[in-house]
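# Geometric and topological summary
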Amino acid sequence: MVRYVFFLFLIIFALSFGENRVKIREEVDVMGVRPNYLIGYGIVVGLKGTGDGTTTRYTLISIANMLRKMGIYIDPAQVKTKNSAAVMVTAKLPPFAKSGMRFDVTVASMGDAKDIGNGILIRTPLFGPDGKVYGFAQGSVSTGGGFSESNKGGKVVKNFPTTGVIIEGGIVEKDLPFEFSQMENLVLTLKRPDFSKAVRIQDAINRHYGKKIAKALDASTVSVSFIKGKDPVQMAGEILDLEIQTDSEPTIVIYERTGTVIMSGDIKIDAPIYVSHGNIYVAVEKKPVVSQPPPLSQGQTVETQQVQTTVVEEKGRIFAIQSPKLKDLVEALNDIGVSPRDLIAIIQAIKNTGKLHAKIVIM
């Protein structure tokens, strides 16, 4: 049994405490200029025996209905689905998407498929919140190196082979109903509401144009009136390119699927921190057992299997970290062989206690 999992740990010290100058576009969103989420139901075909089983009835019905539209009539009970899988298709349509533009889509299995990698998604309509079709998706599914292999000796699974992506697999069928040129003013919403930052954005805009056209309405909203005779698109670009002074915020990005942790900035913790770490391992073994019938009986000698389950709990290890830097705690955990999953759990637990001074983003 492999006791610890090898993992990637990246530490990026690109930021420092103090003040930085950043463009307004990095701190705000423009009201009305937002991505739109689409969803659809489709079928992935061409799998190598890793598709849905016959118990996933909606897959059988979906394939039968699809064939019926092509003039082939078949009883759903006669459909075999080992090479097919029912999936949900999701996508994020970019702002101002126009007919013909391409975008990425995510494909996730709905049934009991083991692996949808390298399968082909059949043309799938993608619906918006209003129930209208705004795009179609089709193409080869990539699981990013994930796989699932099994035989009589055991099973090996890497990452999540039941979820994949199709790069530029979606195409916009219908323009989004939004006209930026019809807007009377520009409304900026702060990604992280802050009264001081809203005032800085207001002052930067007013100083640039030499007149009071921007007003901070609250901690998250700044309203800007368009100047008469000036192109709204050009003006919006100028405003978003203006720079303001802002405090850098240390950030920890966690990608749980691969156990990747990325830190930015010299992240501080309130030392000392006491960490108790232990693992529980479960082993299941199958041993062949020969069962013989009683003497003079009509029974037969058969071979069966005896299942034995063993649970081993490792003794917890308690250690203290006196350093105020998170990187020193991470190095200590890495030295004792803590797995990525345990590392993520420990970081989140320290954050919940209020001892960790950084924002955590989970992807």
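Residues numbered from 1 in each chain as written. Predicted model: local features only at pLDDT ≥ 70, side-chain atom pairs only at ≥ 80, totals over all residues. Heavy atoms only, no water.

### Describing the sheet that holds strand E3 (residues 28-30)
Definition in use: The pairing criterion is simple: DSSP has to find at least two bridges between the two strands. Labels follow the DSSP assignment, with helices taken as runs of H or I lasting at least four residues and strands as runs of E lasting at least two, numbered in each case from the N terminus. A fitted line through C-alpha atoms serves as each axis, taken over the contacting stretch for helices, and the angle formed by two N-to-C directions is quoted from 0 to 180°. Any two residues whose heavy atoms approach within 4.5 Å at even a single point are treated as in contact.
Reading across from one edge, E3-E12-E14-E13 is the order of the four strands in this open sheet, with antiparallel pairing throughout. Each having just a single partner strand, E3 and strand E13 (214-216) make up the two edges of the open sheet. Taking each pair of neighbouring strands and ignoring which way they run, the sheet shows an average axis angle of 25 degrees. Alignment of strand E12 (residues 185-190) against strand E14 (residues 221-225), held across five bridges, turns out to be antiparallel. Bridge pairing in E14 places asparagine 185 opposite serine 225. Packing of helix H2 (residues 195-209) onto the sheet brings it into contact with E3, E12, E13 and E14, and relative to E13 it is tilted by some 170 degrees. The strands touched by helix H3 (residues 232-241) are E3, E12 and E14; relative to E12, the strand with the most contacts, the crossing angle is about 30 degrees.

### Here we look at the packing of aromatic side chains
The relative placement of two aromatic rings is captured by the distance of their centres and the angle of their planes. Note the threshold: Any two of the Phe, Tyr and Trp rings considered here, Trp counted by its six-membered ring, make a pair once their centres fall within 6.5 Å; the pair's planes then place it as stacked at under 30 degrees, edge-to-face at over 60, or tilted in between. Put simply, a charge is over a ring when the Lys NZ or the Arg CZ is close to the ring centre, within 6 Å, and near the line of the ring normal, within 35 degrees.
The full count for this structure, using the stated rule, is zero aromatic pairs. Sitting over the ring of phenylalanine 136, arginine 123 keeps its end group 5.5 Å from the ring centre.

### With respect to helix H5 (residues 340-352)
Short version of the rule: By this rule, a helix spans an expected 1.5 Å times one less than how many residues it contains. Each residue is placed in one exposure class: buried if its accessible area under a 1.4 Å probe, protein chains only, is under 20% of its type's maximum, exposed if it is over 50%, and partly exposed if it falls in between. The arc in question is formed by the directions pointing from the helix axis toward the C-beta atoms.
Along its 13 residues, H5 runs 18 Å from first to last C-alpha, staying within 8% of the 18 Å computed at 1.5 Å per residue. Among the residues of H5, those classed as buried are Pro340, Leu343, Ile344, Ile346, Ile347 and Ile350. Buried positions in H5, seen along its axis, are confined to an arc of 165 degrees and lie on one side of it. Where H5 ends, the next residue or the one after it, glycine 354, has phi of about 85 degrees, a positive value.

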